[in-house]
Amino acid sequence: MIKFLDLQKINHEFREELLAACASVIDSGWYISGGGLAAFERDFARYCGAEHCIGVANGLDALVLTLRAWKELGRLKDGDEVIVPANTYIASVLAITENRLVPVLVEPDEHSYNLSPTKVRSAVTERTRAILPVHLYGRLADMPELMAIADQHNLLVLEDSAQAHGASIGGRRAGSWGHASGFSFYPGKNLGALGDAGAITTNDAKLAEVLCALRNYGSHEKYKNLYTGVNSRLDEIQAAMLSVKLKYLDEHVSRRRHIARAYLDEVKNPAVQLPTWENTEQHVWHLFVVRSSRRSELQEHLTAAGVQTLIHYPIPPHKQDAYRNYSSLSLPLTERIHQEVLSLPMDPTLSMDEVGGVIDALNSFK
Ligand SMILES: *Cc1c(COP(=O)(O)O)cnc(C)c1O
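What counts, and where the lines are drawn
Positions within a chain are numbered from 1, following the residues in the order the chain's sequence is written. Where totals are concerned, whole chains, interfaces and linings use all residues; where local detail is concerned, this predicted model gives features only for residues with pLDDT of at least 70, and gives and counts side-chain atom pairs only at 80 or more. The basis for every side-chain value is the complete set of non-hydrogen atoms in the structure, without hydrogens or water. Under the scheme used here, helices are H or I runs from DSSP no shorter than 4 residues and strands are E runs no shorter than 2 residues, and both carry numbers assigned from the N terminus. Partly exposed residues are those whose accessible area sits between 20% and 50% of the maximum for their type, while under 20% is buried and over 50% is exposed, using a 1.4 Å probe and protein chains only. Two residues qualify as a contact provided that any one of their heavy atoms is within 4.5 Å of a heavy atom in the partner residue. Note that His is not counted, nor are the chain ends; the positive residues are Lys and Arg, and the negative ones are Asp and Glu. Here the site of a charge means NZ on Lys, CZ on Arg, CG on Asp, or CD on Glu. Polar contact is defined as a pair of N or O atoms within 3.5 Å, subject to the rule that within protein one atom must be able to donate a hydrogen and the other to accept it, and that residues adjacent in sequence are counted only when both atoms are side-chain atoms. Each residue is tested against the molecule or strand, and it is near if at least one of its non-hydrogen atoms lies within 4 Å. Using a 1.4 Å probe, the Shrake-Rupley method yields the accessible areas, and only the shown protein chains count as cover for residues. Think of a 1 Å grid over just the protein atoms. A cavity is a set of points where a 1.4 Å probe fits yet cannot get out, a pocket is an open set with protein on both sides within 12 Å along at least five of seven lines, and lining residues have an atom within 4 Å of a point. Just a note on the criterion: a molecule sits in a pocket or cavity if more than half of its atoms are within 2 Å of the grid points. Lys, Arg, Asp and Glu make up the charged group, whereas Ala, Val, Leu, Ile, Met, Phe, Trp, Tyr, Cys and Pro make up the nonpolar group; the residues left over, Gly among them, are polar. Note on method: axes are straight lines fitted to C-alpha atoms, helices fitted across the in-contact stretch only, with angles between N-to-C directions ranging 0 to 180 degrees. Oblique is the label for any angle not under 35 degrees, not over 145, and not in the 65 to 115 range, which are roughly parallel, roughly antiparallel and roughly perpendicular in turn. Crossings are classed by handedness, with left-handed meaning an anticlockwise turn of the near helix from the far one by less than a right angle and right-handed meaning a clockwise turn. We define a salt bridge as a contact between a side-chain nitrogen of Lys or Arg and a carboxyl oxygen of Asp or Glu at a distance within 4 Å.

Student: Can you tell me about the overall build of the protein chain, naming the residues and giving the values?
Tutor: Along the protein chain, the regular secondary structure elements total 13 helices and 11 strands. Along the first, second and third principal axes, the C-alpha set of the protein chain runs to 65 × 55 × 40 Å. Sorting the 366 residues of the protein chain into buried and exposed places 56% on the buried side. For the protein chain, restricting intrachain contacts to residue pairs at least 6 apart in sequence, the fraction spanning at least 24 positions comes to 69%. Taking the 37 positively charged and 44 negatively charged side chains of the protein chain as two groups, their mean positions are separated by 2 Å.

Student: Explain the side chain of T128 residue by residue, including any values.
Tutor: Mapped onto the secondary structure, T128 falls in strand β4 (residues 128-131). At 2.7 Å, the side chain of T128 and the backbone nitrogen of T125 are in polar contact. Beyond its immediate sequence surroundings of up to four residues, T128 is in contact with E81, I83, A123 and L155.

Student: Talk me through the site of the ligand; I want residue IDs and the actual numbers.
Tutor: Around the ligand, the surrounding shell holds 13 residues, and the nearest of these are G59, D160, Q163, S184 and K189. A distance of 2.9 Å is found between an oxygen atom of the ligand and a backbone nitrogen or oxygen belonging to L60. Between the ligand and K189, the relevant distance is 2.7 Å, taken from an oxygen atom to a side-chain nitrogen or oxygen of the residue. Starting from 380 Å² of accessible surface for the ligand in isolation, the protein chains cover 90%. Its atoms largely coinciding with the cavity grid, the ligand occupies the largest pocket. Here the shell around the ligand is composed, by residue class, of seven nonpolar, four polar and two charged.

Student: I'd like to hear about the packing of helix α4 (residues 59-72) against helix α8 (residues 205-214), residue by residue, with values.
Tutor: The contact between α4 and α8 brings their axes to 9 Å, and the two run at 115°. Comparing the axis directions of α4 and α8 gives the class roughly perpendicular. Here α4 and α8 pass one another in a crossing that is right-handed. Together, L65, T66, R68, A69, W70 and E72 of α4 and L207, V210, L211 and L214 of α8 make up the contact between the two elements. The residue inventory of the contact of α4 with α8, partitioned by class, reads seven nonpolar, one polar and two charged.

Student: Give a description of the side chain of S161 that names residues and reports values.
Tutor: Mapped onto the secondary structure, S161 falls in the loop between β5 (156-160) and β6 (168-169). Exposure remark for S161: the relative accessible area of 0% places this residue in the buried category. Side-chain polar atoms of S161 contact the side chain of S181, separated by 2.6 Å.

Student: I'd like a rundown of the pattern of salt bridges, residues and numbers included.
Tutor: Oppositely charged side chains can form a pair if their charged atoms are brought close together. In the structure shown here, the tally under the stated rule is 23 salt bridges. The partner of D80 in a salt bridge is K77, and the shortest N-O contact between them spans 3.0 Å. Under the relative-accessibility criterion, D80 is labelled buried at 4%. Close ionic contact of R255 with E251 constitutes a salt bridge, the shortest N to O distance being 2.8 Å. Residue R255 and its partner E251 are both found in helix α10 (residues 249-266); the two are separated by four residues, about one turn of the helix. Exposure remark for E251: the relative accessible area of 39% places this residue in the partly exposed category.

Student: Help me get a handle on the packing of helix α3 (residues 35-48) against helix α9 (residues 236-246), residues and values and all.
Tutor: In a packed pair of helices, the relevant descriptors are the angle between the two axes and the axis-to-axis distance. One way to put it is that α3 packs onto α9 with a least axis distance of 8 Å and a crossing angle of 35°. Considering how the two elements wind past one another, α3 and α9 form a crossing that is left-handed. From α3, G35, G36, L37, F40, D43, F44 and Y47 reach across to α9, where they touch E236, A239, L242, S243 and L246.

Student: Kindly report on helix α5 (residues 90-98), identifying the contributing residues and their values.
Tutor: Buried within α5 are the following residues: I90, A91, S92, V93, A95 and I96. Its buried side turned inward, α5 meets α4, β2 (81-85), β3 (102-106) and β5. Looking at the residues trailing α5, positive phi occurs at R100, about 55°.

Interpretation note: all reported values are geometric properties and have no functional meaning in isolation.
In structure tokens, the structure reads:
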């Protein structure tokens, strides 16, 4: 079986270094909010090209707490509209509704799967206060255009960079475009911890300060609470794991790109629609997503050929029971995408033989 993603194999590459990093945390006697977190925050901010990085417990909290911080700073208030792609993972939308803001679900660009600047322009109303672009599947959204729209209408921009560590346009990476950016280090992400973890990057010192308090009970100073905060801290152990893996992130991205190149060059089957890739640096291939109007047949064919695939995602947020109130929205492109997408194995430890096996299986689908 060619696995979709083999986390055991991925982390095995770093086993000795991870064990040594664990041992050093164990021996330090300091497990929360210590030097290991500060070091990772500094290194990850530098990696993204941002001034500040604030580690939190997971990617959802990174988004929730950033919007919450903007409310504390008086930049957002209950009922403000936030533009978000309709075809995203539900976490992007949850971050909005959790803060009693109103998600405005916008259809994506059919080929990039990301927010289309044209459709964003027509979705802006006098109640719009923010845009939450998602760099879906690892492809950086059209940030130059989206930032221009935001500047024109005085909107805040929160990037959802959970799938796009290292993706860039003109040398500027995810995490350095918006007014803030949320990252996830869920184990299966391109930069994955060995448990839950997340972070926010920003150039806004004031925002960084509020976020540091919010993640720690709303406290800047021990036993003094300015906000009704939460406990959402990134553990020393996970920070240590992430510091080890950050060193290898670029190498893993380049292996992902190599695999994507092979799929794009060698899959030749009109029943399988391939993703587009115009600009090398813009895509870090968190997921390699093909489309087919006969998706379930294709998935069965691949399973029979020993190729594991997944669907990202089977049901769009507005069709989830949790969002019953949005179920009458008409988002036909988003709905069609959810019926047609299929994610191929994409794992930096795949051998080119295995990649060849996936390609042969796709080409033999009739
Ligand atoms: C994974 C993911 C998140 C949430 O990250 P967690 O760390 O699992 O909370 C948010 N948005 C997108 C697009 C994601 O893929």
